[in-house]
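Geometric and topological summary
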Amino acid sequence: MNILWQLLQTVPSTMLLWAAAQVLGLVLAIPVAAARMSRERTLRWIALLWIEVTRGIPTLVLLFIVYFGLSINDFRPPAMTAAILALGLSSSGYLAESIRAGFEAVPRQQTEAAMALSLPLATRLGRVLLPQALPIISEGVVSYAIHLFKETALASLIGVIEVMAVANYLVERGVNGPTVFLFTGAIYLVGCLLLAWLAHLIGDSGSRKRGKTQRGATIAAVKKVEVA
Amino acid sequence: MQLIIDLLPGLGLTFLLWAGICMIGFPLGLLFGYALAFGHAILRIPVLAIVNIARGFPGLVVLYFVYSGLPDVGVYFSNTTSVVVAFSFVAAGYTAGIFRAAILGVPKQQLEAASVLGLTYWKTQRLVVIPQAFKAVLPPLIGFSVVVLQATSLSYAVGLREMTGLAYNLGSITFEALPYMLTTGAIYLVVCIAISQIAAWVQRRSSRTRRRATPKSPPAPTGTSVLRAVPGAGS
């Protein structure tokens with residue numbers, strides 16, 4: 001039990017790394033996705049290059065590139081900062097692709113209809129396209145978030161003190177290896193299951209709300225017809 | 001250029017590891033997929049647990065478990081073997097889902113037709129199910145092999161000198177860590193894009209053959225003549 005306690009103490013550090021990288025990834029992914037769907041050919045090419053590079057380089061190599069790239073002369077960046085940057089970068093490509101997939105799944109006619117109604121761009125994106133794209137986007141984001149939670153284990157290799165690093169430390173100190181690594185794996189597994197369960201809950205309540213408003217709108221429409 | 005030449009031996013080992021993992025992991029995934037699709041509960045539940053562990057544990061944890069955990073219970077693997085064993089296990093877990101979907105994706109009528117023709121279970125699988133499932137499974141499997149290729153970079157953690165490990169070593173000897181890592185990243189990028197292009201090509205090809213096969217499938221000329229004989233159906 002003592003082993004489990006020692007491992008659990010560093011879970012906040014893993015969570016911080018995970019959350020910060022996910023947020024950074026999303027912040028980077030939004031402009032990349034916008035550029036990928038842009039009408040400008042150069043912008044599209046730049047976005048495509050970004051996506052291919054961040055997805056094609058293994059996360060560990062990206063981690064080293066960021067870590068060594070930020071090391072100038074004797075300066076070494078804090079391992080946590082480098083890890084957040086690298087994991088955020090590697091997320092941005094995947095997340096940009098899921099955002100694009102979400103928007104592309106919305107039928108073209110919706111854009112055309114919004115344009116025919118001469119809705120301003122912000123309304124067209126925010127009130128027409130985004131609500132329809134969101135279920136698909138969030139599906140992609142959640143499955144990547146689960147993947148990213150496991151990827152954070154790589155940060156131990158550049159010296160971030162998180163669950164994986166403590167596990168290695170314990171095994172080097174002579175604690176029984178299989179037990180430690182099974183506990184470590186179980187922590188990640190439970191984390192992934194929790195994330196999936198939370199996403200399911202949020203998704204469910206979201207769709208219920210949507211269903212309700214749709215029904216509400218239909219009822220209102222029917223009433224209007226009856227009054228007329 | 002010198003950087004690339006320095007890294008080539010590492011790329012060789014990366015490819016060897018990749019081939020080993022795919023050759024052991026994918027067939028194992030097929031077995032798991034069968035167990036998930038048709039297995040009795042006694043078989044299916046343990047396989048489901050194994051698959052969930054393979055997918056829920058980070059690859060690094062599985063690798064360390066095999067390399068520095070198992071020796072405590074008297075099982076010793078060299079670092080090369082550890083990488084192949086650990087990632088074959090992970091790959092089997094991930095591909096089990098792909099195979100399961102492909103096996104269940106074969107239309108039920110085909111199985112019924114096979115049993116009407118008196119084919120045995122194994123003959124049905126070998127001659128009817130697997131050839132069709134194979135076609136469906138090929139593009140996602142090639143796609144997943146890119147993930148496997150990228151995962152071999154974790155072998156650095158157990159001191160193996162595949163491309164990432166070699167780049168790290170050369171970098172710390174020459175104090176030129178960043179150029180070596182950037183070159184490594186570029187090589188991975190080129191290889192991964194090449195594999196994805198192959199996957200896209202296979203996908204295009206298989207969808208084209210499927211489309212071409214459909215008009216061919218009502219083959220018998222007698223069939224058409226019967227159709228023509230019906231008034232109003234022809235010309």
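Residues numbered from 1 in each chain as written. Chains lettered and ligands numbered in written order. Predicted model: local features only at pLDDT ≥ 70, side-chain atom pairs only at ≥ 80, totals over all residues.

Secondary structure assignment for chain B yields nine helices and zero strands. Secondary structure elements of chain B occur, N-terminal to C-terminal, as α-α-α-α-α-α-α-α-α. Per-residue burial over chain B gives 37% buried out of 235 residues. Sequence-distant contacts in chain B: of pairs separated by 6 or more residues, those separated by 24 or more amount to 75%. (Helix = DSSP H or I, 4+ residues; strand = E, 2+ residues; numbered from the N terminus. Buried ≥ 20, exposed ≤ 12 C-beta atoms within 10 Å, placed from the backbone. Contact = placed C-beta atoms within 7 Å.)

With that out of the way, let us pick up the overall build of chain A. The helix and strand tally for chain A stands at nine helices and zero strands. Each helix (α) and strand (β) of chain A, taken in turn from the N terminus, gives the series α-α-α-α-α-α-α-α-α. Expressed as a percentage of its 228 residues, the buried residues of chain A come to 38%. Within chain A, contacts between residues at least 6 apart in sequence are counted, and of these 75% link residues at least 24 apart.

Between chain A and chain B, the contact holds 28 residues from the first and 31 residues from the second. When contributions to the side of chain A that touches chain B are tallied by element, the ones reaching two or more residues are helix 3 (41-56), helix 4 (59-70), helix 8 (163-172) and helix 9 (177-227) of chain A. With eight residues, the single largest contributor to the side of chain A that touches chain B is helix 9 of chain A. The residue makeup of the side of chain A that touches chain B, split by class, is 19 nonpolar, seven polar and two charged. (Nonpolar A, V, L, I, M, F, W, Y, C, P; charged D, E, K, R; others polar.)

Time to look at unusual backbone geometry. Residue and element names in this part refer to chain A. With a phi close to 50°, Ser118 is a non-glycine residue in the positive phi region. Tracing the backbone through its elements, the reader meets Ser118 in the loop between helix 6 (108-116) and helix 7 (121-151). In this structure Ser118 comes out as exposed when scored by C-beta crowding, with 8 C-beta atoms within 10 Å.

Right, let's talk about the nonpolar core for a bit. In this structure, Leu63 and Ala83 of chain A together with Val61 and Leu63 of chain B are the most contacted members of the largest nonpolar core, which totals 120 residues. Among the elements that make up this core, the one with the highest residue count is helix 4 (residues 79-105) of chain B (14 residues). Every residue in contact with Leu63 of chain A, bar those within four places of it in the chain, is listed here: Ala83, Ala86, Leu154 and Ile158 of chain A. (Core = buried A, V, L, I, M, F, W, Y, C linked by C-beta atoms within 7 Å.)

Take helix 1 (residues 2-38) of chain B next. One turn of the α-helix equals 3.6 residues, which is why residues spaced by three or four share an orientation. When the terminal C-alpha atoms of helix 1 of chain B are compared, their 54 Å separation across 37 residues agrees well with the 54 Å that a helix rising 1.5 Å per residue should span. Of all the bends in helix 1 of chain B, the largest measures some 40° and sits at Leu8 of chain B, one to four residues before the proline Pro9 of chain B. (Expected span 1.5 Å × (residues − 1). Bend = angle between axes of the 7 residues up to and from the residue.)

Attention now moves to helix 5 (residues 108-116) of chain B. For helix 5 of chain B, a buried count of zero out of nine residues is recorded, marking the element as mostly open to its surroundings. Of the residues one or two after helix 5 of chain B, Gly118 of chain B is the one with positive phi, at around 80°.

Right, let's talk about the packing of helix 1 of chain B against helix 7 (residues 163-174) of chain B for a bit. Residue and element names in this part refer to chain B. Where helix 1 meets helix 7, the closest approach of the two axes is 7 Å, and the angle between their N-to-C directions is 150°. By the angle between their axes, helix 1 is roughly antiparallel relative to helix 7. Here helix 1 and helix 7 pass one another in a crossing that is right-handed. Judged by residue contacts, Asp6, Leu7, Pro9, Gly10, Leu11 and Thr14 of helix 1 engage Met163, Gly165, Leu166, Ala167 and Leu170 from helix 7. Here the residues of the contact of helix 1 with helix 7 sort into seven nonpolar, three polar and one charged. (Axes fitted to C-alpha atoms, helices over the stretch in contact; angles between N-to-C directions. Parallel < 35°, antiparallel > 145°, perpendicular 65-115°, else oblique. Left-handed = near helix turned anticlockwise from the far one by under 90°.)

Take the environment of Ala199 of chain B next. All names here are of chain B. In this structure, Ala199 sits in helix 8 (residues 177-216). In this structure, the C-alpha to C-alpha distance between Ala199 and Ser145, residues 54 residues apart in sequence, is 9.9 Å. In contact with Ala199, other than residues within four places in its own chain, are Pro139, Ile142 and Gly143.

This part covers the environment of Phe68 of chain A. Here Phe68 of chain A shows up in helix 4. Residues Phe68 of chain A and Gln22 of chain A, 46 residues apart in the sequence, show an inter-C-alpha distance of 22 Å. Filtering out sequence-adjacent residues up to four positions away, Phe68 of chain A remains in contact with Ala177, Leu178 and Met181 of chain B.

All names here are of chain A. Taken N-terminus to C-terminus, the directions of helix 4 and helix 5 (residues 79-105) make an angle of 135°; their axes are 9 Å apart at the nearest point. Here helix 4 is positioned oblique relative to helix 5, judged by the angle of their axes. Our pair here, helix 4 against helix 5, has a crossing hand that is right-handed. Each of Thr59, Leu62, Leu63, Val66, Tyr67 and Leu70 in helix 4 lies in contact with helix 5, whose residues at this interface are Ala82, Ala83, Leu85, Ala86, Leu87, Leu89 and Ser90. In the contact of helix 4 with helix 5, the residues fall into eleven nonpolar, two polar and no charged.

The next point concerns the confidence of the model for chain B. In low-pLDDT regions, the fine details of the predicted coordinates are not to be read closely. Residues and elements named next belong to chain B. Here chain B averages 84 in pLDDT, while 89% of its residues score no lower than 70. Low confidence marks residues 214-235, where pLDDT is under 50. Its contacts with residues over four positions away, or in another chain, come to five contacts. Two numbers describe this predicted complex: its pTM, 0.83, and its ipTM, 0.83. (pLDDT = per-residue confidence, 0-100.)

Residue and element names in this part refer to chain B. Summarising the element assignment, Val90 is placed in helix 4. C-alpha separation for the pair Val90 and Val62, spaced 28 residues apart in sequence, amounts to 7.9 Å. Discounting residues that sit within four places of it in the chain, Val90 has contacts with Ala54, Gly59 and Val62.

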